[in-house]
Amino acid sequence: VRPHRASDTDTIVAPATPPSRGALCLVRISGRQAFSIVRGVYPELPDPPPARRARVATLIDEKGEVFDRGVITCYPEPASFTGEDVAEIALHGNPLLVGKLLAAASKLGARPAGPGEFSRRAFLNGKMSLIEAESVGELIDAKTEAAARGALSRLSGSLQKPIAEARLGLLTAVSLWTAAIDFPEQAGEEDPEEIARHLSRALDRLEELASRAVAGARVFSGLRVVIVGPPNAGKSTIFNRLVGRNRAIVTEQPGTTRDTVEEEIELEGIALRLVDTAGIREASEPAESEGIARAREELARADVILFVHELGLPWSAAERAFFESVGTSARLLILNKADLSSRNGEEPGLALCALDSAAASRLKSGLSRLLRDEFAAEAATEIVSRRQGDLLRKAADETAAARALLLEGRPAEICVSHAEGALSALSELAGETTPEDALDVIFSSFCIGK
Ligand SMILES: Nc1nc2c(ncn2[C@@H]2O[C@H](COP(=O)(O)OP(=O)(O)OP(=O)(O)O)[C@@H](O)[C@H]2O)c(=O)[nH]1
Ligand SMILES: [Mg+2]
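Peer 1: How should I be thinking about the sheet that holds strand S5 (residues 86-92) in this particular structure?
Peer 2: Taken in spatial order, the 6 strands of this open sheet run S3-S4-S5-S2-S1-S6, and their pairing is mixed. For this open sheet the edge positions go to strand S3 (55-60) and strand S6 (111-112), each flanked by a neighbour on one side alone. Where strand S4 (residues 66-75) and S5 come together, 5 bridges link them in antiparallel fashion. Across the sheet, residue Thr73 finds its bridge partner in S5, namely Glu88. Where helix H3 (residues 117-124) meets the sheet, it contacts strand S1 (12-15), strand S2 (24-30) and S6, and its direction lies at approximately 130 degrees from that of S1.

Here it is, written out as structure tokens:
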């Protein structure tokens, strides 16, 4: 039985389009009284209303005065977004007219919908799984294109298949165990090897999903791109190029940047938080050494590192060690001030003159290539909410524990309880046993009208 509360049976109304002066606004009404409420503003609506057919309608207010012409479409239950009777009224996107319609609907018995309430009902009425419901929420506030693509791919259920496979592995393991426990004569001794095989299969799928979930959540919320390197290499100039304006101070003095400077940009449909840092060296003043300490902190939080070195300058041992310490995965070496040196870089990197007018596009294409190599898979496929990521992690950990205990020869009961823990995390992920408060958390993060 799905959890629900009394307010889930009210008839609700809200604009489904953002509140702004646009050409059209779509107002959605859902619940038992939906059609009678529509009749209050459009008495000519037949009873029963024509299903899923748009009708041009003259809308009247409480005093019987025409206030707008719109288009009304009725979706009788259960074939509607929420699974209830739903009416959608498209009218002109004038806040005064929309306000009139909402006021009339309230007077006729509808209550303004809370955030995510339409999706909540769709979920309660079995119209969508929780995974799909959360995608709707993410779709609404997906900041960037890649995040929007991820939300879309999940709406079509691309998470479901690997989860189903993991679940099958776990269920098979649990049933082999319980058979051995409950019917020792018929089932014989349990076969740890075979059970472990099923657990391993489940674990593979879960580990893959959980790690993708982490990366997906990062792409979804934006990547931190941190610019580091020795003083005076041109870090702030490069930062300004990428931001597209002179946000950070640039001077010919080494040690100009004392604190970190941040700015958000978008590239390849991914939101990037660009961070300029103080040049790393032995500082002469407290303010500078504080800045350097911050630069090191930023490095630890970075998803992508742009390391700037002045082309042709020798590498100090300290710089070399620093460069090695940032790792190689998502790192781009920029050899700046290429205009000053005829020497070719001894390191493979992007030779650049940050003062040049082509610098911005060269930087962006270098960075794009890096993003595609490192993050394309996550950006294009599964982007998962933090809650889903946590549940996947829990399922993976419980499965790993069950398998480890099994291989240590622990009693079946203990192993089974971990496998069941994994299964219940997966059920919660799919929305089968979600406690009431979790539902509130999920749906209240939506915007009104969804
Ligand atoms: N010739 C030349 N000069 C550059 C280039 N890029 C930056 N500069 C100059 O180098 C100096 C230092 O540039 P910044 O961008 O302030 O360097 P930074 O790495 O942020 O320096 P700190 O903040 O002090 O660590 C400025 O005078 C820039 O105009 C380049 O490609 N060629
Ligand atoms: Mg600087």
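Peer 1: Just to check I follow, could you spell out the coordination of the magnesium ion (ligand 2) for this structure?
Peer 2: Ideal geometry at a metal centre gives angles of 109.5 degrees when four donors are arranged tetrahedrally and 90 or 180 degrees when six donors are arranged octahedrally. Bound to the magnesium ion (ligand 2) are the protein donor atoms Ser236 (OG) and Thr257 (OG1), situated 2.0 to 2.1 Å from the metal. Note that Ser236 is positioned in helix H9 (residues 235-243) and Thr257 in the loop between H9 and strand S8 (261-267), a separation of 21 residues in sequence.

Peer 1: Just to check I follow, could you spell out the pairing of strand S7 (residues 223-228) for this structure?
Peer 2: On a regular strand, each side chain points to the face opposite its neighbour's, so the side chains alternate between the two faces of the sheet. In terms of burial, S7 is a largely internal element, 6 of the 6 residues being buried. Bridging between S7 and strand S10 (residues 304-310) involves 4 bridges; their strand directions are parallel. Looking at S10, one finds that Val228 is bridged to Phe307.

Peer 1: Any chance you could explain the site of ligand 1 here in plain terms?
Peer 2: The immediate surroundings of ligand 1 are formed by 23 residues, with Lys235, Thr237, Gly255, Thr256 and Thr257 found nearest. At 3.0 Å, a backbone N or O of Asn232 approaches an oxygen atom of ligand 1. Residue Thr237 places a side-chain N or O atom 2.5 Å away from an oxygen atom belonging to ligand 1. With 3 residues, the single largest contributor to the shell around ligand 1 is H9. For the shell around ligand 1, the class distribution of residues is 8 nonpolar, 11 polar and 4 charged.

Criteria and cut-off values
Residues numbered from 1 in each chain as written. Chains lettered and ligands numbered in written order. Predicted model: local features only at pLDDT ≥ 70, side-chain atom pairs only at ≥ 80, totals over all residues. Heavy atoms only, no water. Pairing = 2+ DSSP bridges. Helix = DSSP H or I, 4+ residues; strand = E, 2+ residues; numbered from the N terminus. Contact = heavy atoms within 4.5 Å. Axes fitted to C-alpha atoms, helices over the stretch in contact; angles between N-to-C directions. Donors = N, O, S within 2.8 Å, 3.2 Å for Na, K, Ca; no water. Buried < 20%, exposed > 50% of the residue type's maximum accessible area, 1.4 Å probe, protein only. Near = heavy atom within 4 Å. Polar contact = N/O pair within 3.5 Å; in protein donor to acceptor, adjacent residues only side chain to side chain. Nonpolar A, V, L, I, M, F, W, Y, C, P; charged D, E, K, R; others polar.

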